[in-house]
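Geometric and topological summary
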2 protein chains.
Amino acid sequence: MNKEVVLAEGAGFCFGVKRAVDIAFDIAKKDGNQACTLGPIIHNPQVVEKLRELGVEPFEDIINNKSIKKVIIRAHGITKEKLKELRDLNYEIVDATCPFVKKAQNLAEELSLNSYQVVIIGDKNHPEVKGILSYAGKDSVVVNSSDEIPKLGRKIGIIQQTTQPLRKVKEIIMKIIKEVDSFEEIRIFDTLCNFTAKRLEATERVAKKVDLMVVIGGRNSANTTQLANLCRNLGVETYHIESAEEIQKDWFDAAKKIGVTAGASTPQWVIEEVINKIKSLIN
Amino acid sequence: MNKEVVLAEGAGFCFGVKRAVDIAFDIAKKDGNQACTLGPIIHNPQVVEKLRELGVEPFEDIINNKSIKKVIIRAHGITKEKLKELRDLNYEIVDATCPFVKKAQNLAEELSLNSYQVVIIGDKNHPEVKGILSYAGKDSVVVNSSDEIPKLGRKIGIIQQTTQPLRKVKEIIMKIIKEVDSFEEIRIFDTLCNFTAKRLEATERVAKKVDLMVVIGGRNSANTTQLANLCRNLGVETYHIESAEEIQKDWFDAAKKIGVTAGASTPQWVIEEVINKIKSLIN
């Protein structure tokens, strides 16, 4: 039987994640025992583990640890308050926040300072959104679905969690416009990450022509979950895994063409392991 | 037979029209023979005629007339170029532009100066829109229907002809958002006139409970035509007239309840004449 594995373009590390990982490993190699990250540098346990081996611990919260001199800010960013705490404790800050996330944080702050009510489209429980929200002022809101549009002010500024799908973002913006009674100004910025959109498009193209999709990435990774949901919504049998070990042979019994894609936090070597494992099972 | 006439709230002169007419008559009484208007002061032939009797001619274009010292700018405003011409000819400018229209002109200029492509929702042939457009920069566009959304730039600013219906404006904005591929910023200002919206709402309420609507206002008046269309779309028999003389007795043969509304340029005395005429015919 002639089975085939197809990898979606743009699967794996995006620009912001690659940049953050490079920054963290540079620091780790130079000052491993004097540096830490605040929260995991990216949503990938293997990368976090490798950094830990080099001495860079991922602290969940700020610890006044005398041996730590440098704190690396993860790709998702942190809240304004946490950043201030770190500065007050005189840590050297190494900012590996994704530039797309930084842009959203800056816009949130600027809009808030100019009396706009900031609307963030995204998941309020995601660290990136918590970070952006901390810059967005008291009356800011997070909206995650067109079914939950709150009553908004007369001057609003709309931004997005960088990994949100454009279709959903448009749906929510259109609903906001539909429901608004009267307003002074609605300002919409595009803070979506291009890489995410391209990865979603490429994944859709692959999912449409295969019998089964394997989606690789952290279970708590928003953009990976989105990839898996996209495939499921297209009616394709889909498995969301974190590593090659989870793969089961019988998944592929009925599938001729198998698609693979991976979230932004999945390193290249994890993708390769998965593809090799699938190939070994189907041939 | 007990027939009844109901007048919609807010029928007739709006704030901007009343202001423009007051300004024009003040000038007319003081300096009638030294003043003119550029275009009709408002879209109402009777008002224009009364001003003419006081010596204030409505010139269609700029005439280098030595006896004219003052030029009154009509409620709809004029183009930036015409205003400059008038200034270069050293006329004293009396600006009776409706403050809502002025706001739209100012926003168009500000957006254009800040590199936004200006999108004006409205009728490109209407003098108000021509005026606003002259401030909106070279790449600006006028959109009058959700079926004709042009390809737009990455940074756009959306404003409206003041008398457009909110529902149509929202439809066009939603279509723009639906069709946009990627963008940097979309900025939407509400330049609609409250009075127009309230008049439309009040007219709708009346139209829903009567058998026939009489809509009074210039045939070239956008807001009056809108009122008439609103009534027709509600399935009510509707007559759009400019004055009481046009009324025909047989219109009211089958109607028990008759509604009356009037556009923003219709003076109170014209409305009263119409109501009196209807009452005399039905009783």
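Residues numbered from 1 in each chain as written. Chains lettered and ligands numbered in written order. Predicted model: local features only at pLDDT ≥ 70, side-chain atom pairs only at ≥ 80, totals over all residues. Heavy atoms only, no water.

Note that the two copies of the chain are related through a rotation about an axis and a translation along the same axis. Once chain A has been moved 0.1 Å along the axis and rotated by 180 degrees, it coincides with chain B to within an RMSD of 0.1 Å. Here the transformation between the copies is reduced to the relation of a two-fold axis. Among all residues of chain A, the minimum C-alpha distance to the rotation axis is found for R187 of chain A, at 2.2 Å. Comparing contact sets, 100% of the residues at the interface of chain A also lie at the interface in chain B, consistent with an isologous, same-surface contact. (Least-squares fit on C-alpha atoms with pLDDT ≥ 70 in both. Contact = heavy atoms within 4.5 Å.)

Our focus in this paragraph is the packing of helix α1 (residues 15-31) of chain A against helix α2 (residues 45-53) of chain A. Describing two packed helices takes the angle between their axes plus the distance from one axis to the other. All names here are of chain A. As a packed pair, α1 and α2 sit with axes 10 Å apart at the nearest point and diverge in direction by 20 degrees. Viewed along their axes, α1 and α2 adopt a mutual orientation that is roughly parallel. Here α1 and α2 pass one another in a crossing that is left-handed. Where α1 abuts α2, its residues V21, A24, F25 and A28 lie against V47, K50 and L51. Its residues assigned to classes, the contact of α1 with α2 shows six nonpolar, no polar and one charged. (Axes fitted to C-alpha atoms, helices over the stretch in contact; angles between N-to-C directions. Helix = DSSP H or I, 4+ residues; strand = E, 2+ residues; numbered from the N terminus. Parallel < 35°, antiparallel > 145°, perpendicular 65-115°, else oblique. Left-handed = near helix turned anticlockwise from the far one by under 90°. Nonpolar A, V, L, I, M, F, W, Y, C, P; charged D, E, K, R; others polar.)

Listed as interface residues are 18 residues of chain A and, on the opposing side, 18 residues of chain B. Across the interface of chain A and chain B, roughly 1700 Å² is buried in total on both sides, 59% from carbon and sulfur atoms. The tally of links between chain A and chain B comes to two salt bridges. Across the pair R187 of chain B and E185 of chain A runs a salt bridge whose closest N-O atoms are separated by 2.5 Å. On inspection of chain A and its partner chain B, the count reaches 14 residue pairs in polar contact (both at pLDDT 80 or more). Listing elements by their share of the side of chain A that touches chain B, those giving two or more residues are α6 (166-179) and β9 (185-189) of chain A. (Buried area = accessible area lost by both parts, 1.4 Å probe. Salt bridge = Lys/Arg side-chain N within 4 Å of Asp/Glu carboxyl O. Polar contact = N/O pair within 3.5 Å; in protein donor to acceptor, adjacent residues only side chain to side chain.)

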